[in-house]
Amino acid sequence: MRVLVAGSGAVGASTAWNLARRGVETVLVERRDDLCAGASRRAFGGVRQQFDDDAEIALARASLDFFTSLPDGLFAPVGYLYLATDAATETRLRERHEKQRRLGVACVWLDREGVSKAAPGIRVDDVHGGLFGPEDGLADPEAVTRLMIRRFVDAGGRVVVGTSIEDVASPGDAIVVACGSETPEVLERLSARGFLARDASPPIRPLVRSLAETGPVAADPRLPLVIEAFDGFHFRARGDALRLAMADTPPRWADSCDPAPAPPDGFGRIPLERLRSRFPAAKATTIVRRWAGLYDVTPDARPIIDRVANDVWIAAGFSGHGFMTSPAVGAHLADWVADGARPPVFTGFAADRWNGDPPNAWPTLL
Ligand SMILES: Cc1cc2nc3c(=O)[nH]c(=O)nc-3n(C[C@H](O)[C@H](O)[C@H](O)COP(=O)(O)OP(=O)(O)OC[C@H]3O[C@@H](n4cnc5c(N)ncnc54)[C@H](O)[C@@H]3O)c2cc1C
């Protein structure tokens, strides 16, 4: 059997690498001229275990060994800190804490003083408390993806760039479509060429997400990824800068990666004041770099990982958090392709879970 994995983002790279390690003849096919050209190159780099969905928690926990064994500099276990600054958010986070603990996720509830210690330099006078994941952290998504591709090649895999999967696949090939936000169109083209008996185009919509980086800011190297949980504004240190993100309001469903127009000292519609207020050391800084990428969003914000024809699998729709679970997703998906049995952890990620009738409301994702 020859397996073609379409898409050289984190999900495709991990799947291809895991197939090659099992001795399966595998080709990683990337339609652009450069590898890791999609969302995986643009991601924020957060790696957490806290999720609402049990299967995603299992995948995130199973991915942790991979991240903690990365070479120096590729993963920093600085933690994730969700801040509650109002009573309703505190209640929501405390409920979440209970659920995460029941499911074995390492996280602790911190009072204001604990928050101040866990995140040196942040302003805490309005903070009710915070939910802290000490094993979570930050990774470099592009560098990690490229490392997985190097390991894939070392294990005997072949890489083809500048070619679309639908132009190289032959009858009899097994195909894994890991094309992020472009997955629906790729499935349509594969259907048109007879690789699928029916139209299996999955409900995935591209949502623009803008990021920004500041100029130099003196931050403690222990600063975790800090999230203001009421609206999702978050920031982290990267080198001597801070990287910021927040959902656009209103959400921008689009197929372009352009960041929203921004005032010189802001990004998107987010005033830099939000950062300066939470992290006073950033008072004098400005935005020096802005970019955007596309989330591949499903109606329930959970991925679609399924076999949609005898020889065709989809792994897409990761809704803004596919990098952190990609090590375990790739390992389980390689098992499925090689052995033919659906891993139980993927049961809830079926492509037909909406019975052909996706809800009208799409999540806009904080
Ligand atoms: C701004 C932003 C911030 C994010 N932050 C985080 C974060 O902090 N943590 C986290 O876990 N996740 C984050 N994500 C999500 C994460 O980046 C993705 O879920 C993850 O990288 C998995 O990507 P992927 O491999 O599925 O797709 P992608 O990385 O998008 O890769 C898909 C690849 O398929 C290729 N392709 C398309 N069509 C074809 C074709 N016909 N043939 C062959 N190849 C094709 C594309 O060129 C592309 O290279 C973020 C995403 C964005 C946009």
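**Here's the deal with the overall build of the protein**
- Check the secondary structure of the protein and you find ten helices and 19 strands.
- A globule of 366 residues ought to have a C-alpha radius of gyration of about 21 Å, and the protein, at 20 Å, matches this closely.
- Judged by the C-alpha coordinates and their principal axes, the protein covers about 65 × 45 × 45 Å.
- In the protein, buried positions account for 49% of the 366 residues.
- Taking as baseline every contact in the protein between residues at least 6 positions apart, the subset at least 24 positions apart corresponds to 73%.

**Structural notes on the site of the ligand**
- The environment of the ligand is formed by 42 residues, the closest being G9, G38, G180, G293 and G322.
- When contributions to the shell around the ligand are tallied by element, the ones reaching two or more residues are helix 1 (10-21), strand 2 (25-30), helix 2 (39-42), helix 7 (165-168), strand 11 (205-214), strand 17 (287-297) and helix 10 (322-339).
- Per element, the largest residue contribution to the shell around the ligand is four residues, and it comes from helix 10.
- Residue classes in the shell around the ligand are distributed as 20 nonpolar, 15 polar and seven charged.
- Each of two domains, domain 1 (2-44 + 141-204 + 299-349) and domain 2 (77-135 + 206-297), supplies a minimum of three residues to the shell around the ligand.

**A few points about the domain arrangement of the protein**
- Split by domain assignment, the protein resolves into domain 1 (2-44 + 141-204 + 299-349) and domain 2 (77-135 + 206-297).
- Put simply, the middle of domain 1 and the middle of domain 2, counted by C-alpha atoms, are 30 Å apart.
- Facing 14 residues of domain 1, the contacting portion of domain 2 comprises eleven residues.
- For the side of domain 1 that touches domain 2, the residue count by class is seven nonpolar, six polar and one charged.

**Quick word on the nonpolar core**
- Counting residues in hydrophobic clusters, the biggest one holds 111 residues, and the most contacted among them are A6, L81, I175, V176, V177, I314 and A315.
- It is helix 10 that provides the largest number of residues to this core, a total of eight residues.
- Shared between two domains, this core holds at least three residues of each, these being domain 1 (2-44 + 141-204 + 299-349) and domain 2 (77-135 + 206-297).
- Ignoring any residue separated from it by four or fewer positions in sequence, one finds I175 in contact with L4, A6, I165, A169, F195, D311 and V312.

**Details of the sheet that holds strand 18 (residues 304-309)**
- Reading across from one edge, 9-2-1-10-19-18 is the order of the six strands in this open sheet, with mixed pairing throughout. Each having just a single partner strand, strand 9 (158-161) and strand 18 make up the two edges of the open sheet. Averaged over neighbouring strand pairs, the angle between their axes works out to 20° when direction is ignored.
- Sheet topology note: the strand 18/strand 19 (residues 312-316) ladder contains five bridges and is antiparallel. Bridge assignment links I305 to a residue of strand 19, and that residue is A315.

**Digging into the packing of helix 1 against helix 10**
- Following both chains from N to C, one finds helix 1 and helix 10 inclined at 40°, their axes separated by 7 Å at the closest point. The pairing of helix 1 with helix 10 is recorded here as oblique in orientation. Handedness of the crossing formed by helix 1 with helix 10: right-handed. Contact residues: helix 1 offers A10, V11, S14, T15, W17, N18 and L19, while helix 10 offers G322, F323, S326, P327, V329, G330, A331, L333, A334, V337 and A338.
- Of the residues contributing to the contact of helix 1 with helix 10, the split by class is twelve nonpolar, six polar and no charged.

**Comments concerning the pairing of strand 10 (residues 174-177)**
- Here strand 10 shows no split at all, with A174 and V176 on one side and I175 and V177 on the other all buried.
- Summarising the sheet, strand 1 (residues 2-6) and strand 10 pair through four bridges and their orientation is parallel. Each residue of the ladder has a partner; that of V3, found in strand 10, is A174.

**A look at helix 1**
- For helix 1, which comprises twelve residues, the first-to-last C-alpha distance of 16 Å matches the rise-based estimate of 16 Å (1.5 Å per residue) to within 8%.
- Across the twelve residues of helix 1, eleven count as buried, placing the element largely inside the fold.
- The complete set of buried residues in helix 1 reads A10, V11, G12, A13, S14, T15, A16, W17, N18, L19 and A20.
- One or two positions beyond helix 1, positive phi appears at G23, with a value near 85°.

**Some thoughts on the environment of E182**
- Looking at the secondary structure, you find E182 in the loop between strand 10 and helix 8 (183-192).
- Here E182 falls in the buried class, since 20 other C-beta atoms lie within 10 Å of it.
- A sequence separation of 114 residues divides E182 from D296, and the C-alpha atoms of the two residues are 8.1 Å apart.

**As for helix 4 (residues 87-102)**
- Over its 16 residues, helix 4 runs 23 Å from end to end, which matches the ideal 22 Å to within 8%, given 1.5 Å per residue.
- When helix 4 is considered as a whole, its buried residues turn out to be E90, L93 and Q100. Along helix 4, the residues classed as buried sweep out an arc of 90° about the axis, all on the same side. Among the exposed residues of helix 4, those oriented more than 90 degrees off its buried face are A87, A88, T91, E95, E98 and R102.
- Close packing links the buried residues of helix 4 with strand 5 (80-84) and strand 7 (129-133).
- Downstream of helix 4 by one or two residues, G104 has phi in the positive range, about 85°.

What counts as what
- Residues numbered from 1 in each chain as written.
- Predicted model: local features only at pLDDT ≥ 70, side-chain atom pairs only at ≥ 80, totals over all residues.
- Helix = DSSP H or I, 4+ residues; strand = E, 2+ residues; numbered from the N terminus.
- Rg over C-alpha atoms; globule rule 2.2 N^0.38 Å.
- Buried ≥ 20, exposed ≤ 12 C-beta atoms within 10 Å, placed from the backbone.
- Contact = placed C-beta atoms within 7 Å.
- Near = placed C-beta within 6 Å.
- Nonpolar A, V, L, I, M, F, W, Y, C, P; charged D, E, K, R; others polar.
- Domains from an automatic or database assignment.
- Core = buried A, V, L, I, M, F, W, Y, C linked by C-beta atoms within 7 Å.
- Pairing = 2+ DSSP bridges.
- Axes fitted to C-alpha atoms, helices over the stretch in contact; angles between N-to-C directions.
- Parallel < 35°, antiparallel > 145°, perpendicular 65-115°, else oblique.
- Left-handed = near helix turned anticlockwise from the far one by under 90°.
- Expected span 1.5 Å × (residues − 1).
- Arc of directions from axis to C-beta.

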